[in-house]
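As a plain string of letters, each chain reads:
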Amino acid sequence: MRILLTGSTGYIGSALLEHLVDSGHEVVAVVRTPEAATRIAEQGAEAALGDVTDTAWFADRLSGVDAAVHTAAPSAGAAGFNTAVVDAAIRAFSRTGKRFVLTSGIWLWGAGAITEEAPLDPPALVAWRAPIEERLLASDVDAAVVAPGVVYGRGAGLLDLVVDGPRTPSGELELIGDGAQHWTWVHVDDLARLYELVLTAPEPVGRVIASDGSPTTVRAVAERAAGEAGVVAGTVAAAHERLGVAFADALLLDQRASGARARSLGWVPVHTSVLDEVALAASRS
């Protein structure tokens, strides 16, 4: 397939670019600088130098591919950014049968046991996502929305917020809140393989949650990282001060998802425990 990819230099997008190229797909990666275009070409992909928020330009790029994945995530203005991208997707892909895959996130469902059919209950940090995604899914585009859990692997992701958290004077690792909240996890390499399955699935996909099937508490992760030094409970106020209210409130959500729909597509995660990743990192330090 000829696949357009946004966010190819980011955390998720770079892993996906590598996987799609290795799988033999022809990848067109949207980039913003000539330097990034050079790096993309060296990785075996075709670079498209431009701005995805230019709806006409991006729609024209979409018209020349078989499918597309949007993983780009700006540091500011995400709502407007994604609105422009979805506008272009609807303009270019409506009634074509071409699949457009949008990246979402597990926080969209709020706290609790989560399935794709559960009602959305997003915290303030990601509330902007819901209307954009609903508009795309209600359109005439063959659309899918991949909602990753907390992504880890390749030495990046939000895992560092736990394992590199503040320490007490006696060396204890301070938790985000009391640490009892479960996070739903997914390794970035497994996530890349899921995107390909979503892109190539013969039937409509809709929403798909990416979960390794082993929701794990923040406390368990911190205890594995801290070792003999141990951990100490934090407070909501401390989390707000350290991370900002909106971000901290998302991290304090207790979320458990199995990823059953993803598995129905034939996805089998290779990495099924974030604790293994923490132990491996500790053995290398």
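Residues numbered from 1 in each chain as written. Predicted model: local features only at pLDDT ≥ 70, side-chain atom pairs only at ≥ 80, totals over all residues. Heavy atoms only, no water.

A. Here's a closer look at the overall build of the protein. Looking only at helices and strands, the protein has twelve helices and 16 strands in total. Against the globule reference of 19 Å for 285 residues, the protein gives a C-alpha radius of gyration of 19 Å, in line with a compact fold. Sorting the 285 residues of the protein into buried and exposed places 48% on the buried side. Of all intrachain contacts in the protein linking residues separated by at least 6 positions in sequence, the fraction that spans at least 24 positions is 78%. Both charge centroids of the protein, one from 21 positive and one from 35 negative side chains, sit 3 Å from each other. (Helix = DSSP H or I, 4+ residues; strand = E, 2+ residues; numbered from the N terminus. Rg over C-alpha atoms; globule rule 2.2 N^0.38 Å. Buried < 20%, exposed > 50% of the residue type's maximum accessible area, 1.4 Å probe, protein only. Contact = heavy atoms within 4.5 Å. Lys, Arg positive; Asp, Glu negative; His and termini not counted. Charge placed at Lys NZ, Arg CZ, Asp CG, Glu CD.)

B. Spotlight on the sheet that holds strand β8 (residues 150-153). Pairing in this open sheet of three strands is mixed, and the strands run β9-β8-β12 from one edge to the other. Of all the strands in the sheet, just β9 (156-157) and β12 (185-187) have a single pairing partner and so form its edges. Inspection of the sheet shows β8 paired to β12 by three bridges, in the parallel sense. Across the sheet, V151 pairs through a bridge with V186, a residue of β12. Sitting on the sheet, helix α1 (residues 11-22) is in contact with β8 and β9, with an inclination near 60° to β8. Contacts from helix α7 (residues 188-200) reach β8 and β12 within the one sheet, and its direction differs from that of β12 by about 85°. (Pairing = 2+ DSSP bridges. Axes fitted to C-alpha atoms, helices over the stretch in contact; angles between N-to-C directions.)

C. Summary view of the pattern of salt bridges. Throughout the structure, instances matching the rule amount to 14 salt bridges. Between D60 and R61 there is a salt bridge, and its shortest N-O distance comes to 2.5 Å. Judged by relative accessible area, D60 falls into the partly exposed class, the value being 44%. Here R219 ties to E223 by a salt bridge, and the two come within 3.8 Å at their closest N and O atoms. Taken together, the residues R219 and E223, both in helix α8 (residues 218-226) and four residues apart, mark about one turn of the helix. Note on R219: relative accessible area 29%, which makes it partly exposed. The class of E223 is partly exposed, set by a relative accessible area of 40%. Each member of the salt-bridge network shares a partner with another, and the members are R2, E26 and E46. (Salt bridge = Lys/Arg side-chain N within 4 Å of Asp/Glu carboxyl O.)

D. Region of interest: the sheet that holds strand β13 (residues 206-210). The seven strands lie next to each other as β3-β2-β1-β4-β5-β7-β13, forming an open sheet whose pairing is parallel. Looking at the sheet topology across the chains shown, the edges are occupied by β3 (46-49) and β13. In this sheet, adjacent strand axes meet at a mean angle of 20° when their direction is disregarded. Pairing geometry for strand β5 (residues 99-103) and strand β7 (residues 142-148), over five bridges, is parallel. Along β7, the bridge assignment pairs R99 with D142. Against the sheet, helix α4 (residues 78-93) makes contact with β4 (67-70) and β5, and its axis sits at roughly 170° relative to β5, the strand it touches most.

Just geometry here; none of it tells us what the structure is for.
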